[in-house]
Amino acid sequence: MKAKNTVAIPEKALIYKNNYVYFNVVRNYDPEVQYATYSRKCIGRKVAERLMVPNKNYAFIFEKEQLPEAPERSDVLSVGMYAVIQKVCADFKVDEALSVFDDATIYLIKDLASYMIVMSSAAFQHFESYGFSHPLWSERAYSDSYITGWLKENIRITQVEECVDLWASMHIGKGRCLVCYDSTNINSVAEGISLVEKGHAKDDPTKPQINIDYVVKQSDGIPLLYKSFPGSIVDITEASDMIQSINKLGYTEITAICDRGYISVENVRAFDAAGIDFLLMVKSNLTCFKSMVRRYGLIIRMKSSHYLPDTDQYGITVQDYLFDEGPKRYFHLIWDQKKGENGRRSIMRTVAKYESILEKKKAECTPVSEKQEKQFAAYFTLDFKEGTRCLAAYKRKPEAIDLAVNYEGFILLVGSQRQTCAEALDNYSKRDCVEKDFRALKSELGMDPIGTQLDETTESKIFISFIAGIIRALILNETRKLRIKDRKQYTVPAIIKEMEKVQAVRDYKTSKYERRYRLTAKQKAVTNAFALNESDIDEMASFL
């Protein structure tokens, strides 16, 4: 059987004992002696009877049409990350969760998720190029236009919901499970997508965006559930849908940890109705926050018994009603002395700055806008000249300034479950696992902006990014011991860079791929973290 990358050995070619093939090339012809001098060039290597693998000299000597056709796949494939992702998907039941789809769909979902992880990109127009030099589960590397149509037609919302619910139910674990819930926004430049609306982005609220909510398991940072919402919907109103999704899992020992954006009467009622415990940050402008600081702030600052040595803070836990309804909740008031001092200095600098601006406006009779009036009114009483916006006088509000200063350094957590102040603070501080997943989603997976033009492709791409986020989080989690020894060398990007160097080369006789070089010490450390060995990688490569 003739391999695609072989050619027939030319007649008059010379075959050496080492199977290298040479050909005589005419250099100079002397008409007087009628003699030509030859230069012998190596044109390839014999691999079978009358067949050889050509080299670049062959192309210079013979017609280009005699060269073999370009292969569909590169002769050298990067197999390291393919082996890691294959092992992760099998060991942690990603494949099982994806089983709600048909095989061809599963393969392309895994291929696109792998592409996002390895290339740090969600721009699928480059997938075809990626597939030329990387192993694929799919039959071939599809074009951008094919993938767009596939995203539109082949991934159904009902299948996505079934897959996500199956994944969450398999990984929520046993016993008390702490989950962190938060949302982020992803920008989009497309028009006509129902999810894309102007919202409340922190960086630029004028940009159209999509809101994506994640529920992440606190113990290992693995995403469990996700929801997508139009960009104009605020966090506080999104929670009810996610609470219902958590409740559908049928798991009774869940504590949801959320930031201050999710505290509301409706959400607390929804948590209670679903039987889900919660731990929430209380907004500083809520009455209960101010009440707790006034009642217990001085006590925890003055008594050493409230000192929390692990965090160098002070705290107290008390029971009281939240929103004056329902059962009594557990309030955890924490004071950080350093943050309090920095906050006080910041407020006093702001007061001095405002005072300087007001003095100048008064002296120059410069009008004060309504927006500026609201800003200054927090710390100053303003008197205007009759019929104008010019200042006649201004005066500090000592009580307002003192009150603002006294609130600095305090945070208030409220939960439905009994725990100590130190336990509540520790649990809440680990809520950053969901923030890390969002940063990875936007930067390491390339989802900001999302780069889709239709509702169906947008939803499908968000789902694939969720699968990619799961795989990436599993890689991060399984290599955590390596980062204890060397934090910089074993980040996920560093691991990808190193494992991409593990390559398999096509054997010209059998057309199968084989690894030619031993693994480096760093590559062995990574493969050992996933219980992979060199023979496992070789076996995977042999089936490509």
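Just above sits the structure.
Presented here is an overview of the structure given in this document. Predicted model only: the values in this text are computed from it and were never measured.

Conventions used here
Residues numbered from 1 in each chain as written. Predicted model: local features only at pLDDT ≥ 70, side-chain atom pairs only at ≥ 80, totals over all residues. Heavy atoms only, no water. Salt bridge = Lys/Arg side-chain N within 4 Å of Asp/Glu carboxyl O. Helix = DSSP H or I, 4+ residues; strand = E, 2+ residues; numbered from the N terminus. Buried < 20%, exposed > 50% of the residue type's maximum accessible area, 1.4 Å probe, protein only. Pairing = 2+ DSSP bridges. Axes fitted to C-alpha atoms, helices over the stretch in contact; angles between N-to-C directions. Contact = heavy atoms within 4.5 Å. Polar contact = N/O pair within 3.5 Å; in protein donor to acceptor, adjacent residues only side chain to side chain. Expected span 1.5 Å × (residues − 1). Parallel < 35°, antiparallel > 145°, perpendicular 65-115°, else oblique. Left-handed = near helix turned anticlockwise from the far one by under 90°. Nonpolar A, V, L, I, M, F, W, Y, C, P; charged D, E, K, R; others polar. Core = buried A, V, L, I, M, F, W, Y, C linked by side-chain atoms within 4.5 Å.

Using the criterion set out here, one finds 18 salt bridges in the structure. Between Asp91 and Lys87 there is a salt bridge; the shortest N-O distance is 2.5 Å. Separated by four residues within a single helix, Asp91 and Lys87 lie in helix H2 (residues 80–91), roughly one turn from each other. The class of Asp91 is partly exposed, set by a relative accessible area of 44%. Among the residues examined, Lys87 registers a relative accessible area of 19% and is labelled buried. A salt bridge links Glu355 to Arg396; the nearest nitrogen and oxygen atoms lie 2.9 Å apart. Within this pair, whereas Glu355 is found in helix H11 (residues 337–364), its partner Arg396 is found in strand S17 (residues 391–396), the two being separated by 41 residues in sequence. For Glu355, a relative accessible area of 26% translates into the label partly exposed. Look at the salt bridges and you will find they share partners, linking Asp182, Arg431 and Glu435 into a network.

Right, let's talk about the sheet that holds strand S6 (residues 76–78) for a bit. Across the sheet, which stays open at both edges, the three strands sit in the order S6-S19-S20 with antiparallel pairing between neighbours. Only two strands of the sheet have a single neighbouring strand rather than two, namely S6 and strand S20 (513–515). Put simply, the sheet's adjacent strands are angled 35 degrees from each other on average, direction ignored. Bridging between strand S19 (residues 503–506) and S20 involves three bridges; their strand directions are antiparallel. Bridging across to S20, Ala504 finds its partner in Arg515. Packed on one face of the sheet, helix H20 (residues 534–542) meets S19 and S20 and runs near 160 degrees to S20.

With respect to the helices and strands, the residue Asn427 is situated in helix H14 (residues 421–429). Polar contacts involving the side chain of Asn427 include one to the side chain of Gln419, which spans 2.9 Å.

With that settled, consider H2. Along an α-helix, residues three or four apart share an orientation, since each turn contains 3.6 residues. An ideal rise of 1.5 Å per residue puts 16 Å on 12 residues; H2 measures up with 17 Å between its terminal C-alpha atoms. Of all 12 residues that make up H2, nine are buried, and the element is covered over most of its length. Residues of H2 that are buried in the fold lie against S6, helix H3 (94–97), helix H4 (103–119), helix H16 (455–478), helix H18 (492–499) and H20. Just beyond H2, the residue with positive phi is Lys93, at close to 65 degrees.

In this section: the packing of H18 against helix H19 (residues 521–529). At a minimum axis distance of 10 Å, the contact between H18 and H19 shows a crossing angle of 115 degrees. By the criterion of interaxial angle, the relationship of H18 to H19 is roughly perpendicular. As for how H18 packs across H19, the hand of that crossing is left-handed. For the pair H18 and H19, the contacting residues are Ile495, Glu498 and Met499 in the first and Lys522, Gln523, Val526 and Thr527 in the second. Per-class residue counts for the contact of H18 with H19 are three nonpolar, two polar and two charged.

Another point: the nonpolar core. It is characteristic of soluble globular proteins that their nonpolar side chains tend to be buried jointly. Phe101, Phe463 and Ile467 are the most contacted members of the largest nonpolar core, which totals 134 residues. Residue contributions to this core peak at 11 residues, all from H16. Residue contacts for Ile467: discarding those within four places in its chain leaves Val94, Leu98, Ile109 and Ala113. Membership of the second largest hydrophobic core comes to 14 residues, among which are Tyr354, Val368, Leu382 and Val405.

Among the six residues in strand S18 (residues 410–415), five count as buried, and that is most of the element. Where strand S12 (residues 277–281) lies against S18, three bridges are found, and the strand directions are antiparallel. By the bridge assignment, Met281 is partnered in S18 with Leu413. Pairing geometry for strand S15 (residues 325–335) and S18, over six bridges, is antiparallel. Following the sheet pairing, Trp335 is matched in S18 by Phe410.

Looking now at the packing of H4 against H16. For the pair H4 and H16, the least separation of the axes is 9 Å and the interaxial angle reads 65 degrees. The two elements H4 and H16 meet at a crossing, and its hand is right-handed. Residues Ile109, Leu112, Ala113, Met116 and Ile117 of H4 form the contact with H16, whose own contacting residues are Phe463, Ile464, Ser465, Ile467, Ala468, Ile471 and Arg472. Residue composition of the contact of H4 with H16, grouped by class: 10 nonpolar, one polar and one charged.

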